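The residues making up each chain are set out below.
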There are 2 protein chains.
Amino acid sequence: MEKIKIGLIGLGTVGSGVLEMVSNNQAKISNITGRELIIKTIAVRNVAKHRSEVSDDIILTDNVDDIINDPEIKIAVEVMGGIDPAKEIITNLLNAHKHVVTANKDLIASHGDELARIARKNNADLVYEASVAGGIPILRTIVNSFAADEILEVKGIVNGTTNYILTQMQQKKWSYEDALKKAQELGFAESDPTNDVAGIDATYKMIILSQFSFGSHLALDDINIEGIQNIKLEDVAQAADFGYTIKLLGIAKRVGEGVFAEVAPVLVPSDHPLATIHNENNAVMVTGQAVGETLFYGPGAGGLPTANSVLSDIVSVTKNIALGTTGNTFNNYQHESEPIDKGDVIYPYYLSLQMLDVPGQILKVTKLMMEIGASFSQIVQTKANDTDARVIFITHAMSKKQLATLKAEIDKFDTIELRAAYKVLGE
Amino acid sequence: MEKIKIGLIGLGTVGSGVLEMVSNNQAKISNITGRELIIKTIAVRNVAKHRSEVSDDIILTDNVDDIINDPEIKIAVEVMGGIDPAKEIITNLLNAHKHVVTANKDLIASHGDELARIARKNNADLVYEASVAGGIPILRTIVNSFAADEILEVKGIVNGTTNYILTQMQQKKWSYEDALKKAQELGFAESDPTNDVAGIDATYKMIILSQFSFGSHLALDDINIEGIQNIKLEDVAQAADFGYTIKLLGIAKRVGEGVFAEVAPVLVPSDHPLATIHNENNAVMVTGQAVGETLFYGPGAGGLPTANSVLSDIVSVTKNIALGTTGNTFNNYQHESEPIDKGDVIYPYYLSLQMLDVPGQILKVTKLMMEIGASFSQIVQTKANDTDARVIFITHAMSKKQLATLKAEIDKFDTIELRAAYKVLGE
């Protein structure tokens, strides 16, 4: 049986998973591809540290050129992460006519188009299923199963760390700080959790999902990003009383000829499928013009689930090698989007205000709302402390422009403070 | 741009959806495939009936040979359903070197292997994503994204009619008969609903899912089938009190070197993702050794969702034509399974018994359970009528052999009747 030799760059959780899966599932892979996959070389920073983890017939090196310059290696798997030096390494691999499988979302979200062009020029495959939502095969599903449908919206829970934290806040009544600490202890959050909790990681994934869904590239600056750092337990509890669960959602949807994208905390109706995604799991909901709502759920991270996505990429490349059909762009849908006015996008909002507990305060807010042409569907008032009341409003759909005006006007009152404003998802 | 001409056989809900989608989404399809798709000919039983629905440049015929014998037509789409004459027609199409896209689950479940061989011999594609779970792209996902993983279990809600009925029973407290009547009024159930409510439709889909997941073919006789016709509202309510939702699940799992498959009502924990699938929706949960639990959710039927799956098949075949890679079997995983002893498969069970309300009855049952080596985790007793008590047991995991013995022994008591026994899904 013909052998396909693979070079692996990086041997962390995902790299070890790839190594394990290639050896454990050789029989099934051969059955499907008619090829035997062999990991020939692994490049790591510290060879001594990893020597005992790797069988003796695999070359362990700290020089990635041992993979780039090895004519026997057909497929390189990059699971080191980060933009530098991964970008240069992948560029060199593609120029050396290697097919590249990567799990590197930062790199693909930032430089995916450029790398895809280099791949195409070299008749090489560049695939990256594992870059979004670890174990969920969402990119290939969009490519293969929504090819003839118009995708109207793609949204979901694409960061496991924040979903773990929000699940703990909801289920155990923990504060944000306590839930974050627990997530760090369990290894679900890093010691500097900013990238996750501020929504950056989710935004990179939404950039890639948008590219596949709408055929056009969004820059980081095109996307409103709000993290979960300021979510109060009181808001989680209040949302639950109203029948909602607060989730950090990435939402990208077609608006006219453009695409609106945002990553922010959203109140999701508790019987909506996205509200039932707990802990570190991910889920992506794709709404198609023809097919309607579909949802794809699974582990968002973890060594073996992510390795499975890497392996399906390797199998896909192996099939292309066997069929002589390499060099086709992973996402081959291209569609020019026009800029949109984000201020016009409308949603209902959850507004949490703290105000001096004297007559006339709510009237001020309702008058403001009337002036900007917006209205409420639900109001609840509770005591915040001895002098202040806490008033929660759920509004009817209003535009971001209206919301911005409302915020600016409320800001002028000494006696009223807007403490939180979150979108509300319709059913 | 090169044109790919298509023949459509059948113009019911799905056929009309295919016609609509090809014309509405031509731009995107051409963008992705570099080909223009044209429906040239449609074969229907009654030409006069359909003439007004179809534009004049499409040939409408009642003779399927007009498609089979037309050398211009490259892809035939069969959406007429049923085994005869569909089997003969598809055989003739393949032998005429047409690629075939079908949504025909009965045919594929019964004769898929034979048709796949004919396709291969003629270097033709035979694909059938739409045959299982309408709008959910589950077959291609298993082929592409679980190629390197070992699938341990595939289970799900694969029949929309029964899920609609069970959802109404649960949410509206309707009897089975009332819910079925409503489903018939809304067009979710046929006037003779046997195929759906007795679990036959779900079983065909599980045969196809098993083939893709485990690489081996199950016959209808290999599968225990139990429908929903005998589910009582009292059991739906009692299950809810225990924290479960009754769903008609298809379950196929690897047991040793074999595959166990069953379609039956199952108590699903209410916070399990499968319990949140309402109405006519479908969901398939795939458990992989590496990836863990993944779930794919979407519309299980309907013209446009099913048409979307047909269209993704057409796009896939079109890509293969463009790349010169037709003739590869849709499901290329083949793995010999050994027969298993179904009697050894264990689950917890929900048992509903009616017994004369006199002392010693429950003792009889608990003694029986002890004798067969089984035990209970929960017992609830309520009044059934003036003379009888209703006793519900949730058992610890027990084998089908133990259950059969228990049933036979209870049958010997004049004063005790076993009214229902359903599997319970662990969390």
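This is a predicted model, so every value here is computed, not measured.

A.B. asks: Please explain the pattern of salt bridges as it appears in this structure.
C.D. replies: Oppositely charged side chains can pair when the atoms bearing their charge come close. Residues and elements named next belong to chain B. What the rule picks out here adds up to 41 salt bridges over all chains. A salt bridge links Lys40 to Asp70, with the nearest nitrogen and oxygen atoms 2.6 Å apart. One end of the pair, Lys40, is in strand β2 (residues 35-43); the other, Asp70, is in the loop between α4 (65-68) and β4 (73-78), and 30 residues separate them in sequence. Look at Asp70 and you get buried, because its relative accessible area is 10%. Two residues, Glu153 and Lys155, come together in a salt bridge whose shortest N-O distance is 2.7 Å. Residue Lys155 is classed as buried on the basis of its relative accessible area of 4%.

A.B. asks: Teacher, can you tell me more about the packing of helix α8 (residues 160-172) of chain B against helix α9 (residues 176-185) of chain B here?
C.D. replies: Think of two packed helices as two axes; the pair is described by the angle between the axes and how far apart they sit. Residue and element names in this part refer to chain B. Relative orientation of the contacting elements α8 and α9 amounts to 130°, with a least axis distance of 9 Å. What the angle tells us is that α8 and α9 run oblique. The way α8 lies across α9 gives a crossing that is right-handed. Every residue of α9 that contacts α8 at Tyr164, Ile165, Gln168 and Met169 is listed here: Tyr176, Ala179, Leu180, Lys182 and Ala183.

A.B. asks: I keep staring at the sheet that holds strand β6 (residues 126-127) of chain A and nothing clicks. Help me out?
C.D. replies: By definition, the strands of a sheet pair up through backbone hydrogen bonds, in either a parallel or an antiparallel sense. All names here are of chain A. The strand order across the open sheet built from 6 strands is β3-β2-β1-β4-β5-β6, with neighbouring strands paired in parallel fashion. If you trace the sheet from one side to the other, it starts and ends with β3 (59-61) and β6, each paired once. By the bridge criterion, 2 bridges tie strand β5 (residues 99-102) to β6 in an arrangement that is parallel. Among the inter-strand pairings, Val101 is bridged to a residue of β6, identified as Val127.

A.B. asks: Would you take a moment to explain the packing of aromatic side chains for this structure?
C.D. replies: For any pair of aromatic rings, the description consists of the separation of the ring centres together with the inter-plane angle of the planes. Residues and elements named next belong to chain A. Taken as a whole and judged by the stated rule, the model has 13 aromatic pairs over all chains. Both rings, one in Tyr164 and one in Phe188, keep their centres 4.8 Å apart while their planes meet at 55°; by these two values the pair is tilted. Here the residue Tyr164 occupies a position in helix α8 (residues 160-172), and Phe188 occupies one in the loop between α9 (176-185) and α10 (194-197), the gap between them amounting to 24 residues. By relative accessible area, which is 6% here, Tyr164 ends up buried. Sitting above the plane of the Tyr347 ring, Lys423 keeps its charged end 5.1 Å from the centroid.

A.B. asks: What is the right way to look at the interface of chain B and chain A in this model?
C.D. replies: Where interface size is quoted, it is often the accessible area lost as the parts come together. Counting residues at the interface gives 43 residues for chain B and 43 residues for chain A. Summing the contributions of chain B and of chain A, the shared interface buries around 4,100 Å²; its carbon and sulfur component is 57%. Contact with chain A buries surface across chain B, with Lys28, Ala148 and Tyr297 of chain B losing the most and accounting together for 16% of the total. Here chain B and chain A share 12 residue pairs in polar contact (both at pLDDT 80 or more) between them. Mapped onto the side of chain B that touches chain A, the elements with two or more residues apiece are α2 (26-33), α7 (138-145), β12 (292-299) and α13 (303-323) of chain B. No other element matches the 8 residues that α13 of chain B contributes to the side of chain B that touches chain A. Its residues placed into classes, the side of chain B that touches chain A shows 22 nonpolar, 15 polar and 6 charged.

A.B. asks: I'm lost on helix α12 (residues 233-242) of chain B in this one. Help?
C.D. replies: Note that an α-helix has 3.6 residues per turn; residues three or four places apart therefore point the same way. All names here are of chain B. Those residues of α12 that sit buried are Asp235, Val236, Gln238, Ala239 and Phe242. The buried residues of α12 all sit within an arc of 165° when viewed along its axis, so they share a single face. At the C-terminal side of α12, Gly243 shows a positive phi close to 95°.

A.B. asks: Can you help me understand the UniProt feature "active site" (unreviewed entry) in chain A in this one?
C.D. replies: All names here are of chain A. When the UniProt feature table is mapped to this numbering, "active site" (unreviewed entry) covers Lys205. The topology assignment puts Lys205 in helix α11 (residues 200-214). Apart from the residues lying within four places of it in its own chain, the contact partners of Lys205 are Lys105, Ser131, Val132, Ala133, Val158 and Asn159. At a separation of 2.6 Å, a polar atom in the side chain of Lys205 contacts the side chain of Asp201.

A.B. asks: In this structure, what is going on with the relation of the copies chain B and chain A? I would like to understand it.
C.D. replies: It takes a turn of 180° to lay chain B on chain A, together with a shift of 0.0 Å along the axis; the resulting RMSD is 0.0 Å. Put plainly, the chains are arranged around a two-fold axis. Minimal C-alpha separation from the rotation axis in chain B is found for Phe296 of chain B, amounting to 2.4 Å. Looking at chain B, 100% of its interface residues are interface residues in chain A too, so the copies touch through the same face.

A.B. asks: Would you mind showing me how to read the domain arrangement of chain A here?
C.D. replies: Residues and elements named next belong to chain A. Under the domain assignment used here, chain A contains domain 1 (3-133 + 303-323), domain 2 (138-299) and domain 3 (346-424). Using C-alpha coordinates to define each centre, domain 1 is positioned 28 Å away from domain 2. Contacts between domain 1 and domain 2 engage 16 residues on the former and 14 residues on the latter. Of the roughly 1,400 Å² buried between domain 1 and domain 2, counting both surfaces, carbon and sulfur atoms make up 61%. Counting every contact that joins domain 1 to domain 2 gives 3 salt bridges. Across the pair Arg140 and Asp313 runs a salt bridge, and its minimum N-O distance is 2.9 Å. Our count for the domain 1 to domain 2 interface comes out at 7 residue pairs in polar contact (both at pLDDT 80 or more). Going through the elements one at a time, α6 (105-121) and α13 (303-323) are the ones with two or more residues in the side of domain 1 that touches domain 2. The element best represented in the side of domain 1 that touches domain 2 is α6, accounting for 6 residues.

A.B. asks: Before we go on, may I ask you to explain the sheet that holds β4 of chain B in this structure?
C.D. replies: Residues and elements named next belong to chain B. Read across the sheet, 6 strands follow the order β3-β2-β1-β4-β5-β6 without closing on themselves; strand pairing throughout is parallel. The sheet is open, and its two borders are formed by β3 (59-61) and β6 (126-127), each paired with just one other strand. Looking at chain direction, strand β1 (residues 2-9) and β2 are connected through 8 bridges and run parallel. Of the residues in β2, the one forming a bridge with Ile4 is Leu37.

What counts and how
- Residues numbered from 1 in each chain as written.
- Chains lettered and ligands numbered in written order.
- Predicted model: local features only at pLDDT ≥ 70, side-chain atom pairs only at ≥ 80, totals over all residues.
- Heavy atoms only, no water.
- Salt bridge = Lys/Arg side-chain N within 4 Å of Asp/Glu carboxyl O.
- Helix = DSSP H or I, 4+ residues; strand = E, 2+ residues; numbered from the N terminus.
- Buried < 20%, exposed > 50% of the residue type's maximum accessible area, 1.4 Å probe, protein only.
- Axes fitted to C-alpha atoms, helices over the stretch in contact; angles between N-to-C directions.
- Parallel < 35°, antiparallel > 145°, perpendicular 65-115°, else oblique.
- Left-handed = near helix turned anticlockwise from the far one by under 90°.
- Contact = heavy atoms within 4.5 Å.
- Pairing = 2+ DSSP bridges.
- Phe/Tyr/Trp six-rings, centres within 6.5 Å; stacked < 30°, edge-to-face > 60°.
- Lys NZ or Arg CZ within 6 Å of the ring centre and 35° of its normal.
- Buried area = accessible area lost by both parts, 1.4 Å probe.
- Polar contact = N/O pair within 3.5 Å; in protein donor to acceptor, adjacent residues only side chain to side chain.
- Nonpolar A, V, L, I, M, F, W, Y, C, P; charged D, E, K, R; others polar.
- Arc of directions from axis to C-beta.
- UniProt positions renumbered as here; feature names shortened; annotations may be inferred.
- Least-squares fit on C-alpha atoms with pLDDT ≥ 70 in both.
- Domains from an automatic or database assignment.

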